[in-house]
Amino acid sequence: MTHEPTNENNDNVNSDGADVGQATAKIGRARKITGIVLYSLLFAVLAFLIITLVWVIVDRCTSKSPVTSVYGHSFLVVATGSMSGTIEEGDMVIIAKTEDYKVGDIVTFLPEGDKVPTTHRIVRIDGENIYTRGDANGNAEDPRPITYENILGEVVSVIPNVGLFFSWFAFDFGWIYLVGIVAIIAIGIVLIKKIPSKKDEE
C-alpha cells in the first residue's frame, strides 16, 4: 500500500513561522509607540519646567508688577472662599490689564500697604474710588475703597481646582514627585533603547 507525500508538516512550520513573524512585528510596533509616548511625556514635562523658569526670571527682572505676568496675563491661585459661588478656594484665575473697569467686573487688586492681592467684584464706582465686595460676603463691602492704580487686572478666566496642584507643587514638596516622574520616564526610555529589536537579533 503506497501513500502520497503530504505537506502537512511543512504547512505547520510555515504557519508557526508566520505567527512568530506577526508577533515580532506587533512587539516592534508596541515598542515604537511606547517610546514615542515616553519621549512626548519627557519633552512636555521638561518644556513646562523650562518655560515656567524663564517666565518667572524674565518677569521678575523686567517688571515692577507685584504679580508675575506673561503677555499681559497673570495666573493667581485663590486662597480664600470670599468669592465662593463664583470662584472657589483653590481655583486659578487668569487676569489681564484693561483700561475699562466697570461695575460687575471681577478684579484682582492690591491696596496700599497690602502684600497679598485680593480678587473681588466691583459693586460701585464713585469718582476715583472703586468699591468692591466678595460674592460670598453678602452685602458687606470691603472696608476700604481702591483706585484704578490698585487694580492688577480683570479676571478673564477661571480654571477650577488647578491652583491646588500649584500649591501642592510649591509648598508640599510636589517638585520632588515631579523630579521622580522625569527620572522614571528617562529610565523607561533608556530601557526601551536596550531592548533588542528584530534587526539586532538578525
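Everything discussed here concerns the structure shown above.
Residues numbered from 1 in each chain as written. Predicted model: local features only at pLDDT ≥ 70, side-chain atom pairs only at ≥ 80, totals over all residues. Heavy atoms only, no water.

J.: I keep staring at the overall build of the protein chain and nothing clicks. Help me out?
T.: Across its full length, the protein chain holds four helices and seven strands. Mapped from its N terminus to its C terminus, the protein chain presents α and β elements in the order α-β-β-β-β-β-β-β-α-α-α. Expressed as a percentage of the 202 residues in the protein chain, the buried residues total 26%. Taken as a whole, the protein chain presents about 14,100 Å² of accessible surface, with 62% of it coming from carbon and sulfur. (Helix = DSSP H or I, 4+ residues; strand = E, 2+ residues; numbered from the N terminus. Buried < 20%, exposed > 50% of the residue type's maximum accessible area, 1.4 Å probe, protein only. Areas by Shrake-Rupley, 256 points an atom, 1.4 Å probe, with all protein chains shown as cover.)

J.: Any chance you could explain the pattern of salt bridges here in plain terms?
T.: Close approach of charged atoms lets side chains of opposite charge pair. Counting across every chain of the model gives four salt bridges. In this structure, the salt-bridge partner of D114 is R144, at a minimum N-O distance of 3.2 Å. One end of the pair, D114, is in the loop between β4 (106-109) and β5 (118-126); the other, R144, is in the loop between β6 (129-133) and β7 (151-159), and 30 residues separate them in sequence. The partner of E141 in a salt bridge is R124, and the shortest N-O contact between them spans 2.9 Å. (Salt bridge = Lys/Arg side-chain N within 4 Å of Asp/Glu carboxyl O.)

J.: Quick question: what am I supposed to make of the pairing of β6 here?
T.: Here is the key point about a regular strand: its side chains alternate between the two faces of the sheet. When β5 meets β6, the two strands line up antiparallel, connected through five bridges. Following the sheet pairing, R121 is matched in β6 by R133. Hairpin geometry of β5 and β6 is characterised by an intervening segment of two residues between the two adjacent antiparallel strands and by a positive phi of about 65° at G127. (Pairing = 2+ DSSP bridges.)

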